[in-house]
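These are the residues of each chain, in order.
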Amino acid sequence: MRLSRFFLPLIKEIPSEAQIASHRLMLRAGMIRQLGAGIYSWLPLGWKVLRKIEQIVREEQDAAGAQEMLMPTIQPAELWRESGRYEAYGKEMLRITDRSEREMLYGPTNEEVITDVFRHAVKSYKQLPKILYHIQWKFRDEIRPRFGVMRGREFLMKDSYSFDLDYEGAKKSYNLMYETYLRTFKRMGLSAIAVQADSGAIGGDLSHEFHIVADTGESALYYDAKFDDIRSGKLTMSAEEMRGLYAAADEKHVADTCPIPKDRLREARGIEVGHIFYFGKKYSQAMNAAVAAQNGENVLVEMGSYGIGVSRLVGAIIEASHDDNGIIWPEAVAPFKLGLINIRVGDAACDKVAEDLYAQCTKAGIEILYDDTAESAGKKFSAMDLIGLPWQVVVGPKGVAAGVVELKNRRTGEKTECSPESLMGRFTA
């Protein structure tokens, strides 16, 4: 993509309403624009990142055997009355009435809808187990939306739901999702800590939150120091071994009964990016979701739900990966892999090298953003640092005369010179 054609409305000034780094940088980098309180338009750069994260989540869910579907954003109130949650959910639920005076709501979550789908379609134990998921926009009318996409009212979420015949099966589904979440976040360049947590409005008696450690996190985390060794690569553990380590959030941590010694206990702030629940028969009993067991008796299914904040992850990744100059994207979620900077547009030799590199990268399927604008070199460098692409390639008169271009690693700042041919060999290997 040529920058001269790309819709990228950068902001030089720091927006006064933005209180945390991710909100400031997403606004300055032209990723989002606010439409209303907690409601944002996703501009092309932000949308590309959002889709990258969504695709990683989708691939890992599919690999775990979950099946994708799509449920509506608008739900009938009677389903929620059937489950007993319509009045209990509170003012965060956006309640509406259609033209026929039917009470509806904009879905904050989908336990009722998926249970209704399941109970009308699955009748036998032979059809179990099942894990169904979708990636859909949600709305929760937060009393104080803030921090940009980290606590917006409208947000994109992946929520999956498991259905099993018995508790043992439900635990297998739960553990499968636990492991799947760790892989999902690792692919995004994140090291998540799974902590014991409350189930909240979802219900249930087994729950883990997945947190990214960041100073701006809203939750207080207490965890075994071994998690720091895992995050830094000094220690390798299986998902099963990690589940045995102590980690708790907020009030789930009780200092007097903490099972690990003080010298191994670490405290930090965490950003929640995923939450998994086992809630047994809470919804199947309320909504009569039963199947015929092997002995012919009707059995209420055991259920769980598993959420990942897809849009929230965009902000969380930035909180975990930025510097004073801007965003530093992990390669897996970066909107473009390469930023190509021609610092002397109009110079025949520079134009030829830059245009050739752009054409070769495009042909090779390498996502590249080519700054072909007439801006000054300083502005070009600042803009490219701000949007945080993993690699920057600089084409200038001195380098072209010497037969080289400059390659910069955005994360480390390391700069090296190489020929255009070796550059292409590096990124097409």
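Above this text sits the structure in question.
Residues numbered from 1 in each chain as written. Predicted model: local features only at pLDDT ≥ 70, side-chain atom pairs only at ≥ 80, totals over all residues. Heavy atoms only, no water.

Describing the packing of aromatic side chains
Summed over all chains, the structure comprises 14 aromatic pairs. The interplanar angle of 85° and the centroid separation of 5.5 Å between the aromatic rings of Trp80 and Tyr89 together place this pair among those described as edge-to-face. Taken together, the aromatic side chains of Tyr178, Tyr181, Phe185 and Phe210 make up a single cluster linked through ring pairs. For the cation-ring pair, Arg243 lies above Tyr178, with the distance from its terminal atom to the ring centre recorded as 4.9 Å. The ring of Tyr283 has Lys282 lying over it, and the distance from NZ or CZ to the ring centre is 5.5 Å. (Phe/Tyr/Trp six-rings, centres within 6.5 Å; stacked < 30°, edge-to-face > 60°. Lys NZ or Arg CZ within 6 Å of the ring centre and 35° of its normal.)

Considering the pairing of strand β7 (residues 130–139)
Most of β7 is tucked away: 8 of the 10 residues are buried. Across 2 bridges, strand β3 (residues 67–68) lies against β7 in parallel orientation. Paired with Gln67 across the strands is Leu132, a residue of β7. In terms of strand pairing, β7 meets strand β8 (residues 154–164) through 10 bridges, oriented antiparallel. Looking at β8, one finds that Ile131 is bridged to Ser162. (Buried < 20%, exposed > 50% of the residue type's maximum accessible area, 1.4 Å probe, protein only. Helix = DSSP H or I, 4+ residues; strand = E, 2+ residues; numbered from the N terminus. Pairing = 2+ DSSP bridges.)

Some details on helix α1 (residues 21–28)
Within α1, 7 of the 8 residues are buried, which leaves it mostly tucked inside the rest of the structure. Among all positions in α1, only Ala21, Ser22, His23, Leu25, Met26, Leu27 and Arg28 are buried. In this fold, the buried residues of α1 make contact with β1 (32–36), β2 (39–42), α9 (310–320), β17 (322–323), β18 (326–327) and α11 (377–387). Two residues or fewer after α1 comes Gly30, characterised by a positive phi angle close to 70°. (Contact = heavy atoms within 4.5 Å.)

Some points on the pattern of salt bridges
Considering all chains together, one arrives at 31 salt bridges under this definition. For the salt bridge of Lys379 with Glu375, the shortest nitrogen-to-oxygen distance reads 3.8 Å. In the salt-bridge network here, residues are joined through shared partners; they are Arg51, Glu54, Arg58 and Glu68. (Salt bridge = Lys/Arg side-chain N within 4 Å of Asp/Glu carboxyl O.)

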